[in-house]
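Coordinate analysis (summary)
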Amino acid sequence: MNKLHMIAKGVAPILAALLMTACAAPEFKQPALDVPAAFKESQLPDAAAVKTAADGSTWKQAQAAEAQPRGEWWLAFKDPALNELINEATRANANLAVAAARVKQARAIAGVAEADRIPQVGLNAGAQRVRQSPTEARLPAGTPVDPAKVFNASLSASYEVDLFGRVSSNVAAARGDAASVEATYRSVLLSVQADVAQTYFRLRSTDAELETLNRTVQTREENVKVNQRRFDLGDIGEFDLSRARTELATARAEAIGLQRQRVTTEHALAVLLGKPAASYTAGDSPLLDSTLLPVIPAGLPSTLLERRPDIAAAQRAMEAANARIGVARSAMFPSLILNANAGGVSGDTVADVFKWSSRSWLLGAALSLPVIDGGRNRANITRSEAALEESVGAYRQSVLTAFAEVEDNLAGLRILAGQTAQIDDAVVSARRSADLAQKLYTAGRSSYLDLLDAQRNLAAVERTAVQLRGNRAVTTVGLIRALGGGWDAAGAAPVVAQQ
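Not measured: the values here are computed from a predicted model.

Turning our attention to the packing of aromatic side chains. By the definition in use, this model includes 5 aromatic pairs. Ring centres of phenylalanine 164 and phenylalanine 333 lie 5.1 Å apart, and the angle between their planes is 25°; this geometry places the pair in the stacked category. Taken as a pair, phenylalanine 164 in the loop between strand E3 (148-161) and helix H4 (166-233) and phenylalanine 333 in the loop between helix H7 (309-330) and strand E5 (335-346) lie far apart in primary sequence, 169 residues in all. Considered together, phenylalanine 164 and phenylalanine 333 belong to a single accessibility category, that of buried residues. One aromatic cluster in this structure is built from Phe77, Tyr200 and Phe201. Taking NZ or CZ as reference, arginine 230 lies 4.9 Å from the ring centre of tyrosine 441, over its face.

So, in structure tokens, the structure goes:
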């Protein structure tokens, strides 16, 4: 008998531990990811390596944390108009307001879950006038029963003992959801700010392109005037005059068509600023060659997992899904709820309710355990496990997308830098060719078609240079977005101007 008692005494703690383990949420494990040691684009021979900051200090990798406050990265562009637009969008953007409201909801839901950790206390008071039947009053049938008044007041309390982790798992899941929504808000904020900056630079690039086209139109107008005079003098035939007029009309049509692109971009910027398109007008501000763009060091790929707010949101969603497995498992085991009620009941007056002789109290404990549920709880566990698998897949996809976006923008800046260097040389040559063609045509040593060809080539090259300038600005913002924005902390990434 003693031996059986000793065995039972030794087995009991093990069984209890097994029960607790069976229903608790599984230990969260970070999914394995194949993270490269460095971005491929940053290792290429022609990639621009940024080793020092603008002030000559050594570059230090940012200390990554998604909860760290994002810095005002747009200040690196040194553009007051851009600063004002982003500040305005941060205050008034509708999508950002929606995301902020969702954060409030998620925090409130987490508060609801937290409330289950403490006893629920309530105050009850009431008055009734009751007439029982003779049978209910245990009197002979037909006996008159007078109505009675009943007054009561009581204080009640209930508390769920967290035997198998339902409450704690539910709290962990709600906290994870709230953290995920907050990270999503930061992702929306970064997206809105980046969208404003990119749209702004597209608008300025369009203005610069229009400026180039307007110069082309002026050149074509001068050609028409010159050819008209020479035609009137009989120096040239009607063919050259007609060709000059055709080129003028074509250039004007291109300028008018580009206005449509500008209007559409202006309307998109108005929406980002939370304004009706009809009430917003952006002034002309061509993107000039002298505009300095910041160089953004990419850092190590591993830091990207902590810097990107969308990856942080996916991480928190995984943790919440993992905690919900614990909630589902706890439904398979008993739940224990403690109840208490204390107060007074009187049939005379309200004041008598508070007399010691009218006191009443109740203490109770309710233990419930599912016996037959038709497989409902087991199905809920399977569903929760599948939800975790889904969140893991979404997390991995967000990481792959983040790496690809950084590589895309690094490659874009590298290629655009090479294109810009070549097109700058082409602009110099095209301007020299156009100047020589003009002199030769004026001296009568070349045809109008030669002049026209040189001018066309110059206009095309200058327009391409303007477009590349805009693309570099947009891609620079895209890299900032892909890297998760900037930070206010001391370890934040410095920025230096592109040459």
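Here we take up the environment of aspartate 162. Looking at where aspartate 162 falls in the secondary structure, it is placed in the loop between E3 and H4. Each C-alpha atom, one on aspartate 162 and one on arginine 117, is 8.3 Å from the other, the two residues being 45 residues apart in sequence. Polar side-chain contacts of aspartate 162 include one of 3.2 Å to the backbone nitrogen of glycine 165. Polar contacts involving the side chain of aspartate 162 include one to the main-chain amide nitrogen of valine 167, which spans 3.0 Å.

Overall, antiparallel pairing links the 4 strands, which are arranged E2-E3-E5-E6 in an open sheet. Pairing within the sheet leaves two strands with one partner each, and these edge strands are strand E2 (120-130) and strand E6 (359-368). When strand polarity is set aside, the average angle formed by the axes of neighbouring strands in this sheet is 20°. Where E5 and E6 come together, 10 bridges link them in antiparallel fashion. Looking at the pairing, alanine 342 lines up with tryptophan 361 of E6.

An ideal rise of 1.5 Å per residue puts 32 Å on 22 residues; H7 measures up with 32 Å between its terminal C-alpha atoms. Of all the 22 residues making up H7, 16 are buried; the element is thus mostly covered by neighbouring parts of the structure.

So, about the packing of helix H2 (residues 80-92) against H4. Closest axis-to-axis distance for the H2/H4 pair is 10 Å, and the angle between their directions is 140°. Classed by the angle they form, the pair H2 and H4 counts as oblique. As for the relative orientation of H2 and H4, their crossing is right-handed in sense. Listed contacts from H4 to Ala81, Leu82, Leu85, Ile86, Ala89 and Thr90 of H2 are Leu189, Val192, Gln193, Val196, Ala197, Tyr200 and Phe201.

Turning our attention to unusual backbone geometry. What is expected of a backbone is that most residues other than glycine have negative phi and most peptide bonds are trans. Positive phi outside glycine occurs at lysine 78, with the angle close to 50°. Examined against the element boundaries, lysine 78 turns out to sit in the loop between strand E1 (70-71) and H2. Residue classification places lysine 78 among the exposed positions, given a relative accessible area of 70%.

This part takes up the nonpolar core. In globular proteins that are soluble, nonpolar side chains generally tend to be buried together. Counting residues in hydrophobic clusters, the biggest one holds 47 residues, and the most contacted among them are Trp73, Phe77, Leu82, Val196, Phe201 and Val406. Among the elements of the structure, H2, H4, helix H5 (238-272), H7, helix H8 (376-442) and helix H9 (448-482) are those that each provide at least two residues to this core. Considering each element in turn, this core owes the most residues, 9 residues, to H8. Counting 12 residues, the second largest nonpolar core, distinct from the first, contains Val224, Ala244, Ala251 and Leu452.

Next up on the list: the confidence of the model for the chain. On average, the chain scores 81 in pLDDT, and the residues at 70 or more come to 84%. Mean pLDDT values for the elements of the chain range from 37 in strand E8 (residues 496-497) up to 93 in H2. Contacts of residues 10-21 to residues separated by more than four positions or lying in other chains number 5 contacts, the stretch itself having pLDDT below 50. Residue range residues 47-70 is modelled with pLDDT below 50. Its contacts to residues more than four positions away, or to other chains, number 51 contacts.

Attention now goes to the pattern of salt bridges. One pass over the structure, following the stated rule, counts 27 salt bridges. A salt bridge links arginine 262 to aspartate 284; the shortest N-O distance between them is 3.2 Å. You can see arginine 262 sitting in helix H5 and its partner aspartate 284 sitting in the loop between H5 and strand E4 (294-295), a full 22 residues away along the chain. Residue classification places arginine 262 among the buried residues on the basis of a relative accessible area of 7%. Assessed through its relative accessible area of 66%, aspartate 284 is described here as exposed.

On to the environment of alanine 365. Of note, alanine 365 is situated in strand E6. Taking the C-alpha atoms as reference points, alanine 365 and leucine 338, separated by 27 residues in sequence, lie 4.4 Å from one another. Among all residues touching alanine 365, those that are not within four sequence positions of it are Leu336, Ile337 and Leu338.

What counts, and at which threshold
- Residues numbered from 1 in each chain as written.
- Predicted model: local features only at pLDDT ≥ 70, side-chain atom pairs only at ≥ 80, totals over all residues.
- Heavy atoms only, no water.
- Phe/Tyr/Trp six-rings, centres within 6.5 Å; stacked < 30°, edge-to-face > 60°.
- Helix = DSSP H or I, 4+ residues; strand = E, 2+ residues; numbered from the N terminus.
- Buried < 20%, exposed > 50% of the residue type's maximum accessible area, 1.4 Å probe, protein only.
- Lys NZ or Arg CZ within 6 Å of the ring centre and 35° of its normal.
- Polar contact = N/O pair within 3.5 Å; in protein donor to acceptor, adjacent residues only side chain to side chain.
- Pairing = 2+ DSSP bridges.
- Axes fitted to C-alpha atoms, helices over the stretch in contact; angles between N-to-C directions.
- Expected span 1.5 Å × (residues − 1).
- Parallel < 35°, antiparallel > 145°, perpendicular 65-115°, else oblique.
- Left-handed = near helix turned anticlockwise from the far one by under 90°.
- Contact = heavy atoms within 4.5 Å.
- Core = buried A, V, L, I, M, F, W, Y, C linked by side-chain atoms within 4.5 Å.
- pLDDT = per-residue confidence, 0-100.
- Salt bridge = Lys/Arg side-chain N within 4 Å of Asp/Glu carboxyl O.

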